[in-house]
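Letter by letter, the chains look like this.
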Amino acid sequence: MLNTWFQGVFDSDLTSVIPVTDFLLCLGVSLVLGFLMAAAYMVRTRYTKSFVVTLALLPAVVCVVIMLVNGNVGTGVAVAGAFSLVRFRSVPGTAKEICTLFLAMGTGLITGMGYLGFGVLFAVIMSGMYLLYNCLDFGSKKNAAMYKTVTVTIPEDLDYTEIFDDIFQEYTLEHDLVHVKTTNMGSMFRLTYYVTLRSIAKEKEMIDKLRCRNGNLEIAVSRQETSAAEL
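Quantities reported herein were computed from a predicted structural model and do not represent experimental measurements.

Colleague: Tell me about the packing of helix α2 (residues 49–69) against helix α4 (residues 95–112), and name the residues and values.
Modeller: In contact at an axis separation of 7 Å, α2 and α4 are set at 35° when each is read in the N-to-C sense. The hand of the α2/α4 crossing is right-handed. Of α4, the residues touching α2 (which contributes Phe51, Leu55, Leu58, Pro59, Val62, Cys63, Ile66 and Met67) are Glu97, Thr100, Leu101, Ala104, Met105, Thr107, Gly108, Leu109, Thr111 and Gly112. Classifying every residue of the contact of α2 with α4 gives twelve nonpolar, five polar and one charged.

Have a look at this one:
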């Protein structure tokens, strides 16, 4: 009797209805696994509350969608199209965030197909490997402090082509002029270099020589950052 309450308006006698107990079981397991993956993501990671809550609920959402599609090809194509629209309505994330979202969606797909054991096994193994790689700092950039972005302002009458090459050759392993911009109503140039320092201890000495060369105008040194959307 309970199952008849959850029949669709357009269901026929040939349409199989998911039992309520099975629906609740799959949904409950998906919620537990989503919480597990969200907890694993929060270990040694900068995060926002909205992203963690989304990560915890995403397996359950995907699970329900897969259960309701239930072999209907037309519905499946429509759902895939709806999911693809979400990508263009969201801000690009980091590679780590994209990976965890895919893991959550994979977990929801497995549980939605009814393979609860495989879903638990998949979530536990992937969460464990995620924690392991985070604790080992796997793939972390070595000597990251050596890679700097140097921004130098010079007067417009100076030829910026090779003006600082001798200084960079002395204090850096490699340097590359990546950006040139006019500033102060065109009376100055702002040059941006990517450099790899020979020694962090001589960073101030390099800046002092750059100041003598550019007339003590503005100089900025910052750590190089990879693009947020880079995979």
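From this point, things continue past the structure.
Colleague: Give a detailed account of the nonpolar core, specifying residues and quantitative values.
Modeller: Core analysis: the largest hydrophobic core is formed by 17 residues, its most contacted members being Val150, Val152, Phe164, Phe168, Tyr193, Met206 and Leu210. The dominant element in this core, judged by the number of residues it contributes, is strand β3 (residues 188–197), at five residues. If we skip the residues at most four places from it in the chain, Val152 touches Phe164, Phe189, Arg190, Leu191, Leu210, Asn214, Glu218 and Ile219.

Colleague: An account of the environment of Arg213 is needed here, citing residue identities and associated values.
Modeller: With respect to the element layout, Arg213 can be found in helix α7 (residues 203–213). For Arg213, a relative accessible area of 33% translates into the label partly exposed. Sequence spacing of Arg213 and Phe164 is 49 residues, and the spatial spacing of their C-alpha atoms is 7.8 Å. For Arg213, the residues in contact, after removing those within four places along its chain, are Leu158, Ile163, Phe164, Asp166 and Ile167. Of the polar contacts made by the side chain of Arg213, one reaches the backbone oxygen of Ile163; its length is 2.5 Å.

Colleague: Explain empty space enclosed by the protein to me, using residue names and the numbers behind them.
Modeller: Empty space among the atoms can be located by rolling a probe the size of a water molecule over them. Evaluation of the coordinates by the stated rule reveals one cavity of 30 Å³ or more. There is about 60 Å³ of room inside the largest cavity. Contributing to the lining of the largest cavity are Met37, Ala40, Tyr41, Leu55, Thr100, Leu103, Ser127 and Tyr130. Every element with two or more residues in the lining of the largest cavity is listed here: α1 (20–42), α4 and α5 (116–135). Per-element tally for the lining of the largest cavity: the top contributor is α1, with three residues. Residues belonging to the lining of the largest cavity are distributed by class as follows: six nonpolar, two polar and no charged.

Colleague: Tell me what's going on with α5, and back it up with residues and numbers.
Modeller: Relative to the 28 Å expected for 20 residues at 1.5 Å per residue, α5 spans 28 Å between its end C-alpha atoms, a close match to the ideal helical length. Along α5, the positions that sit buried rather than exposed are Leu116, Gly119, Ala123, Ser127, Tyr130 and Asn134. Buried residues of α5, viewed axially, fall in a sector of 65°; they line one side. Facing away from the buried side of α5 by more than 90 degrees, the exposed set consists of Gly117 and Phe118.

Colleague: Now, about the pattern of salt bridges: what can you tell me, with residues and values included?
Modeller: Within the structure shown, the criterion is met by five salt bridges. As a salt-bridge pair, Lys204 and Asp208 come within 3.0 Å of each other at their nearest N and O atoms. With Lys204 and Asp208 both in helix α7, this residue pair falls four residues apart, about one helical turn. Across the pair Asp208 and Arg211 runs a salt bridge whose closest N-O atoms are separated by 3.2 Å.

Colleague: Account for unusual backbone geometry, naming residues and giving values.
Modeller: At Met185, a position not held by glycine, the phi torsion is positive, near 60°. As for its position among the elements, Met185 is in the loop between β2 (172–183) and β3. Positive phi outside glycine occurs at Asn216, with the angle close to 60°.

Colleague: So what about the UniProt feature "transmembrane region" (unreviewed entry) in the protein chain? Which residues, and what values?
Modeller: Annotation from UniProt places "transmembrane region" (unreviewed entry) at residues 20–43, 50–69 and 113–133. As annotated, residues 20–43 comprises 96% helix and 0% strand, and the C-alpha atoms at either end are separated by 35 Å. Counted over residues 50–69, helix gives 100% and strand 0%. Its end C-alpha atoms are 27 Å apart.

Basis of the calculations
Residues numbered from 1 in each chain as written. Predicted model: local features only at pLDDT ≥ 70, side-chain atom pairs only at ≥ 80, totals over all residues. Heavy atoms only, no water. Axes fitted to C-alpha atoms, helices over the stretch in contact; angles between N-to-C directions. Helix = DSSP H or I, 4+ residues; strand = E, 2+ residues; numbered from the N terminus. Left-handed = near helix turned anticlockwise from the far one by under 90°. Contact = heavy atoms within 4.5 Å. Nonpolar A, V, L, I, M, F, W, Y, C, P; charged D, E, K, R; others polar. Core = buried A, V, L, I, M, F, W, Y, C linked by side-chain atoms within 4.5 Å. Buried < 20%, exposed > 50% of the residue type's maximum accessible area, 1.4 Å probe, protein only. Polar contact = N/O pair within 3.5 Å; in protein donor to acceptor, adjacent residues only side chain to side chain. 1 Å grid on protein atoms, 1.4 Å probe; cavity = no way out; pocket = protein on both sides within 12 Å on 5 of 7 lines; lining within 4 Å. Points joined across faces, edges and corners; volume = space filled by probe spheres on them. Expected span 1.5 Å × (residues − 1). Arc of directions from axis to C-beta. Salt bridge = Lys/Arg side-chain N within 4 Å of Asp/Glu carboxyl O. UniProt positions renumbered as here; feature names shortened; annotations may be inferred.

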